[in-house]
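In case you want the letters, here they are:
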Amino acid sequence: MTKLTRRQFNKALGLGAASLAVPLGAIGQAKPQVVIVGGGAGGATAARYLAKDAKGAVDVTLIENSKNYTTCFFSNLYLGDVRSFDSITHSYDKLAADYGINVINAYATAVDRDKKTVTLKDGTSIPYDSLVIAPGIDMVYDSVPGYSEDAAQIAPHAWQGGPQTELLKAKLDSLENRDAVIMVPPPNPYRCPPGPYERASMMAHLFKTRGMTDSTITILDVKPKFSKQGLFTAGWEAHYPGVIEWISPEVHGGILNVDATAGTVETDLDTFEGKLLNVIPKQQAGVIAQAAGLTDDSGYCPIDGESMRSTIDENIFVIGDASIAGAMPKSGFSANSQAKVAAMNIRGDLTGSSVFPAKYANTCWSMIGTDDGVKVGAQYASVEGKIESTSTFISTNDEDEAMRKATFEESLGWYSGITSDIFG
Amino acid sequence: MIMLRNALMIWLVCLNATVALASGDKIELNSEQLESVLAIEADAEFGAYLVGECLTCHTPTGANGNIPQIHGKDKIYLASALLEYRNQQRENDVMRAITAALSDEELAAIVTYLGAQ
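Bear in mind that the values here come from a model prediction, so they are computed numbers and not experimental data.

Criteria and cut-off values
- Residues numbered from 1 in each chain as written.
- Chains lettered and ligands numbered in written order.
- Predicted model: local features only at pLDDT ≥ 70, side-chain atom pairs only at ≥ 80, totals over all residues.
- Helix = DSSP H or I, 4+ residues; strand = E, 2+ residues; numbered from the N terminus.
- Buried ≥ 20, exposed ≤ 12 C-beta atoms within 10 Å, placed from the backbone.
- Rg over C-alpha atoms; globule rule 2.2 N^0.38 Å.
- Contact = placed C-beta atoms within 7 Å.
- Core = buried A, V, L, I, M, F, W, Y, C linked by C-beta atoms within 7 Å.
- Domains from an automatic or database assignment.
- Nonpolar A, V, L, I, M, F, W, Y, C, P; charged D, E, K, R; others polar.
- Pairing = 2+ DSSP bridges.
- Axes fitted to C-alpha atoms, helices over the stretch in contact; angles between N-to-C directions.
- Expected span 1.5 Å × (residues − 1).

Regarding the overall build of chain B
A count of helices and strands for chain B gives six helices and two strands. Secondary structure elements of chain B, listed N to C terminal, follow the sequence α-β-β-α-α-α-α-α. Buried positions account for 37% of the 117 residues belonging to chain B.

Quick notes on the overall build of chain A
From N to C terminus, chain A includes eleven helices and 25 strands. Its C-alpha atoms give chain A a radius of gyration of 22 Å, near enough to 22 Å, the size a compact globule of 424 residues would have. Once the C-alpha set of chain A is aligned to its principal axes, its extents read approximately 70 × 45 × 40 Å. Burial status across chain A gives 51% buried among its 424 residues. Once local pairs closer than 6 in sequence are excluded, the contacts in chain A between residues at least 24 apart make up 68%.

Considerations on the nonpolar core
Residue and element names in this part refer to chain A. The biggest cluster of nonpolar side chains holds 148 residues, and the ones touching the most others in it are Ile36, Ala46, Leu50, Val132, Ile133 and Val318. Examining the composition of this core, we find that nine residues originate from one element, helix H10 (residues 332-351), more than from any other. Formed jointly, this core draws a minimum of three residues from each of two domains, domain 1 (6-65 + 106-138 + 283-356) and domain 2 (141-279). Excluding residues within four positions of it along the chain, Ala46 makes contact with Ile36, Val132, Ala134, Ile319, Ala339, Ala342 and Ala343.

Looking at the interface of chain B and chain A
Contact residues are listed per partner, giving 21 residues for chain B and 28 residues for chain A. Listing elements by their share of the side of chain B that touches chain A, those giving two or more residues are helix H3 (44-54) and helix H5 (93-100) of chain B. Looking at which element gives the most residues to the side of chain B that touches chain A, the answer is H5 of chain B, with six residues. The class makeup of the residues in the side of chain B that touches chain A is ten nonpolar, seven polar and four charged.

Here we look at unusual backbone geometry
Residues and elements named next belong to chain A. Residue Pro189 is bonded to the preceding Asn188 through a cis peptide linkage, with omega at -10 degrees. As for its placement among the helices and strands, Pro189 is situated in the loop between strand S11 (180-184) and helix H6 (195-209). In the Ramachandran plot, Lys228 falls in the positive-phi region, its phi being about 60 degrees despite a non-glycine side chain. With respect to the helices and strands, Lys228 occurs in the loop between strand S12 (216-220) and helix H7 (229-239).

Quick notes on the environment of Ser215 of chain A
Residue and element names in this part refer to chain A. Within the secondary structure, Ser215 sits in the loop between H6 and S12. The spacing of Ser215 and Gln290 is 75 residues in sequence and 41 Å in space, taken between C-alpha atoms. Apart from residues lying up to four places away in sequence, Ser215 is in contact with Leu175, Asn177, Arg178, Asp179, Ala180 and Phe207.

Regarding the sheet that holds strand S6 (residues 108-112) of chain A
All names here are of chain A. In spatial order, the strands read S6-S7-S8; together these three strands make up an open sheet with antiparallel pairing. Both edges of this open sheet fall to S6 and strand S8 (125-127), since each of them pairs with a single strand only. Sheet twist, expressed as the average angle between the axes of neighbouring strands with direction ignored, equals 25 degrees.

Here we look at helix H6 (residues 104-115) of chain B
Residues and elements named next belong to chain B. The end-to-end C-alpha separation of H6 is 16 Å, in line with the 16 Å expected for twelve residues at 1.5 Å each. Burial analysis of H6 places nine of its twelve residues in the buried class, which makes it a mostly covered element. Of all the residues in H6, the buried ones are Glu106, Leu107, Ala108, Ala109, Ile110, Val111, Thr112, Tyr113 and Leu114. Looking at the buried side of H6, the elements it contacts are helix H2 (31-38), H3 and helix H4 (75-86).

Everything listed here is a matter of coordinates, which is why it stays silent on function.
Set out below in structure tokens:
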């Protein structure tokens, strides 16, 4: 006998939007329980939209290990002294107080999909009817020969917002004129495709504002091309001539070894030395996703593009960087967009509310220099379960200064808007 | 009375006239397109869902830097603006891409929902 999903069961009973008198819930609970693991751009948005739109029909629990959330998006601007750390760090207070979300400041270590529980580090078990897995990324440290979690304390990746960001900033701030930075960007797919190149721009911007005219940044890439390459290349030439050198793997022949302590990156071509190494390794879905059996060989989680529902477990939704979201890049914007579709589908599952066709969006803004912003983005829809783009745009090199300034200012408005949308 | 006011407004703004918007842009409106969208009976719940995407940049509490306020704006104004973006008659890459992916039904739902906020 085929196991009925809750949706099929509800449809069979002819249950509509207003007719669920007794919502189906976890044993011992009056209301359906939604548990969200990960309080970033995906998880926190899912929590807020569920709590806001279900109007009390479901209980929402958000499990996040960090007390506050420092966004990885805009962290490059902090590195470049354009934004303060406080301005990119957000509290969960509003989500708890204004939306009635049960925010648990803890680390989720496991998911029992048969019992439908999430286990915390202290052993506490949290039952769920619907589960959202939004753990972001974790580093595959040994994907870069010689790199490790320990080495990241000397050569930070700063590809997760928070302590790593502050560590990289401290190291940048301690550099003197003539000191060089070596950056090793990650292979595809990774969080925030233009991110490493915006970061190089912001490092160069910092050197410029501090009069460090002889300091350089060498990017030893593992990819033959990168997002918005034409725009960055032209921008670096305009704002920071001679400061940033990007070297293709076809030129350096491959990364052979990174020695964080010695400050060296050995390639087939040559050994490069820098006072500061910024190594950003290959990434995978946050480890709980693998622990829960939700990942495939890629290290990320397959989902149904029409709902963000895991193709492995119908009671679980995976959103944000941890998901395999077709044409959508891994970004905070994408995570926030996917969270809204997931929340709508979860409410549909648990309360019988309306479910509309999935629509997604993403725009990635990058700051190249003062009053010089560029963007790339698209709209998306699900086509037979795969997310594809429906319209796209990208900045061009023949835009005038006024346009670039407006684009940069637009990004400031976006940051303010999206963080309100995520955290309340 | 409201219908008369709306009809008059559409007629006035579309009579080979251009509308100067707060941003200083001047646009030409297509009255048939506008009336067609405004005539659609919109689903408010669908509108609320679609507007979720707008909230990423357009904050409900007001203008956000150079990102204008849309909540509570006049429905005809909103429909005109979105149609102009979709017609590629108004500048902004992000808005052009967003509206390129919107059907008339979706436009109607969005402006109905926003106009009521």
